[in-house]
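Topology and contacts: notes
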Amino acid sequence: MVERANRAKEDSDTSYFFDLLYMGECLVKLLTLELLAALQDDRQQHRYSLEYRLVRANGIGEWADVLDEALTGPASQLLVPAARDSQRALSVQVGPSETCWQRNAVSLLNEACRSLDPSILELSRQKVSFRQWVRQFVWLRNRTRGHGAPTASALSKVCPKLEDSLLQVIESAPAFSRPWAYVRRNLSGKYRVSGFGGDRGPFSSLTKESNHGLIDGSYVYLDGYRHVRLLFTDPDLTDFFLPNGNFQKLSFEVLSYISDETRSQDGSKYILPVQAQVTSETTARPKLDVIGNSFSNMPPRRPSYVQRGELERELSGLLRDSRHPVVTLHGRGGVGKTSLALEVLHSLANDNNFFAIVWFSARDIDLLPEGPRVVKADVVSTEDVAKDFAQLMTSELAPKLPEARDYLTNCLSGQDKDGPFLFVLDNFETIREQAELYSYLSNAVRLPNKVLITTRSRDFKADYPVEVEGMTRAEFSVLVSEVSTRLNIEKLVDAAFEEELFEESDGHPYITKVLLGEVASMGRKASLKRVIAGKDAMLDALFDRSFAALSPAGQRVFLTLCSWRSLVPRIGLEAVLLRPGNERLDVQRALSELQQLSLVETTFEEATKADYLSVPLAAALFGRRKLVTSPLKIAIEADLELIRGFGATSTVDLARGLGPRVDRLVRAIASRERRGVDLEQEFAVIEYIASSYPPAWLNLADLYQDLGLSSEKVITTINRYLEARPADQDAWKRLIDCYRAAGNHLAEMHARLQLAEIAMPPYHDLSESASRLNGLLSRKEIDLNGDERRLIIRSFRRLMELRADEADATDLSRLAWLCMHDQDADAAGGWVAEGLAREPANQHCESLRRRLGDSVGKH
């Protein structure tokens, strides 16, 4: 941004000033995003709420408001300790006699504002903070770029002070001295780290270790990797994009202040405002009531509950005995853990075993018959549990955390006058720091006090687990009968259909209710497999969180099993995955993960003394959907070819082709490269395959990039792919990014022209390419002879003019610049006039109008 401003300084004071404003906007946004990245997740969802506002913010003023809230509002209490220096630096009050960067930055900006409007309050004798700098910058931006028309002479007085003020912030704000990086997970599970700020050292371990669960994206290091969700770039750091408002149709606009390019970003995760998230069906009651012979805040029994005799007797016995202080109900989502717990707890309340049964709900999704719904969790942390318990027991509205935690510890350990207590934590897998809370509870609890946990995942020890699986056949029959009667579809559900339903649902009660609801909606029997496969929201609600928690090895094993709807011998699976051609996997650990998350079932066959593995239908359909876009897809196809040789009784149709062999070879090459083997022959083999199977060129490009080989090799392979598949717009865009990262501007523009002529991209993309060409020509960064210059300019001009009816005013300003570079001032004036007709206040057209003068007036 500094380089862009320096280039503008050579053009005019007006251009220089506006580029300084862009730099200021960029600074405000980056400072805001650093603080938001430092916010810990909480039950009020403060971070989500602030990000929800930013993706809709159509002005820098909203960013200033969000920055204020992150600095001094309720959200500021959630900042990680390592970010407190940023909070102090941006909010500290400094007096007129103090010398510091905040004082200097505010004073310089205040002088700049007063040179435009002397009525602005003079701050040299007052205490100030950086928050005032932000507010004054917002005023300056709105007074000039938003609602004013300052003269060039006025701006010439503003620019030096504004520039000095911005440089004070850049050089001194803690955010800009921190380690920042873009991380991308490679096929091996390790990461490619592209640092763009501070010391890269804290990120270096990611390139060597595969036990991290970071998703691809931008991160800032604050004694831990903090995801900067709204800063977008790529592994080559070719450009940086920040939210720019315009939220509509599940997407929002992002803008590069460096290149002036805009893109559309997926905004589906920011659809629902926090205020629209209601409390869960199983939320705790606000006060203790007398239930049976105990006090409790637990919700009522679940309606239409089907008795599960064996599980109820086992859980009831464990909660009544004097041996097990921590009991865990463990099973898949929607399998009935919460309903079972409530049924047993209400019965237990009649026995006078516990003084109080205290319920804490961490549920954030309600699984309703009509589909999953996002809800507010009651608790998400140890602090929430302690405060809620103290408030419940003492009626204190806002108990302090140290006292609340001491009180909870005393009650858990039996040192309080009241007791014994049964503490129930429902949906434990959504707690923010599960290991911390479990360690605290298991360490503090003493019999006869007890803790009951319901969870999908179980990464802890020293508890007594009760596995909640699908219903027995008899229980399932009762459920089907009750639901069919309620939905008035008894005639559609005969014995054969019920048996099929049991097999396909694996006795899962929630899936069964959804399927029967679909039968009622359609008024006829339906293909159960097809119905389940079409319930994306249901599958995501049941399995997505568990899948995301898996290690790369766990995901590989899960996706392999999902692709094979049959029992697979465990020894066969291990033999296939550990063969020399594969990257080494810890299969034992991966299977342990899957069992803990209830994503795989193990059957022991007495005759052969062997374990067999399978995945329930719903989980398998979820996995197959994940496999479509997974980088593991081709490798898993290769694995399945071998698994078929181990005697599976049935197969699932899978797409065949050269893909599995390509992936197996790519993985073998990656392992040989680490041993320093010359790989030229191996690369030649992949090239030969690609001559018949063009997507292999992109696999080869991925491999070159992962191995850190020259950009020329990557570019060549993408070009070879495009020779066979010239209409692939994504491949053209990748090629353009590669040329740009390599600094080959001429090749980049030729690729942009080819994309425009062959693939007919959206007009916005065509306009961005024109903007890029104009910039390169203006800065003389592209080397063209006269004929080449005319050809490329006129080609872009012709393409834009043919579709000019699709253009907005900014697009037309870019077209006008092409005309100017084509020495056609009259045409440029015409397009500027047309742009101003479409948007009279467009800054780009107005700037060109002043530059062109009479040429615009003729039109």
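These numbers were taken from a predicted model, which means no experiment stands behind them. (Residues numbered from 1 in each chain as written. Predicted model: local features only at pLDDT ≥ 70, side-chain atom pairs only at ≥ 80, totals over all residues. Heavy atoms only, no water.)

This brings us to helix α29 (residues 745-758). Helix length check: α29 (14 residues) gives 20 Å between terminal C-alpha atoms against 20 Å at 1.5 Å per residue, within 8%. Taken residue by residue, α29 has His 745, Ala 747, Glu 748, Met 749, Ala 751, Arg 752, Leu 753, Leu 755 and Ala 756 as its buried positions. Against α28 (729-742), α30 (763-778) and α31 (786-802) lie the buried residues of α29. (Helix = DSSP H or I, 4+ residues; strand = E, 2+ residues; numbered from the N terminus. Expected span 1.5 Å × (residues − 1). Buried < 20%, exposed > 50% of the residue type's maximum accessible area, 1.4 Å probe, protein only. Contact = heavy atoms within 4.5 Å.)

Here the focus is the pairing of strand β1 (residues 180-185). Bridge analysis of β1 against strand β2 (residues 191-197) gives six bridges, and the strand direction is antiparallel. Among the inter-strand pairings, Arg 185 is bridged to a residue of β2, identified as Tyr 191. Sheet analysis places β1 next to strand β3 (residues 217-221), joined by four bridges and oriented antiparallel. In the sheet register, Ala 181 faces β3, and the bridge partner there is Tyr 219. (Pairing = 2+ DSSP bridges.)

Right, let's talk about the pattern of salt bridges for a bit. Under the counting rule described, the total for this entry stands at 48 salt bridges. The salt bridge involving Arg 332 is made with Asp 506; its shortest N-O contact spans 3.1 Å. One end of the pair, Arg 332, is in the loop between β10 (326-330) and α10 (337-348); the other, Asp 506, is in the loop between α15 (495-505) and α16 (509-522), and 174 residues separate them in sequence. For Arg 332, a relative accessible area of 6% puts it in the buried group. Arg 473 is paired through a salt bridge with Glu 499; the nearest N and O atoms lie 3.1 Å apart. (Salt bridge = Lys/Arg side-chain N within 4 Å of Asp/Glu carboxyl O.)

With respect to the helices and strands, the residue Ser 361 is situated in strand β11 (residues 356-361). Taking the C-alpha atoms as reference, Ser 361 lies 9.9 Å from Pro 299; in sequence the two are 62 residues apart. Residues contacting Ser 361, with those up to four places away along its chain left out, are Thr 282, Thr 283, Ala 377, Asp 378, Val 379 and Asp 426.

The next thing to look at is a nonpolar patch on the surface. Taken together, the side chains of Leu 250, Ile 271, Leu 272 and Val 374 make up a nonpolar region of the molecular surface, amounting to roughly 310 Å² of accessible area. For Leu 272, the position within the fold is in the loop between β7 (262-266) and β8 (289-291). (Patch = residues over 30% accessible without salt bridge, like charges linked within 9 Å, V, L, I, M, F, W, Y side chains within 5 Å. Areas by Shrake-Rupley, 256 points an atom, 1.4 Å probe, with all protein chains shown as cover.)

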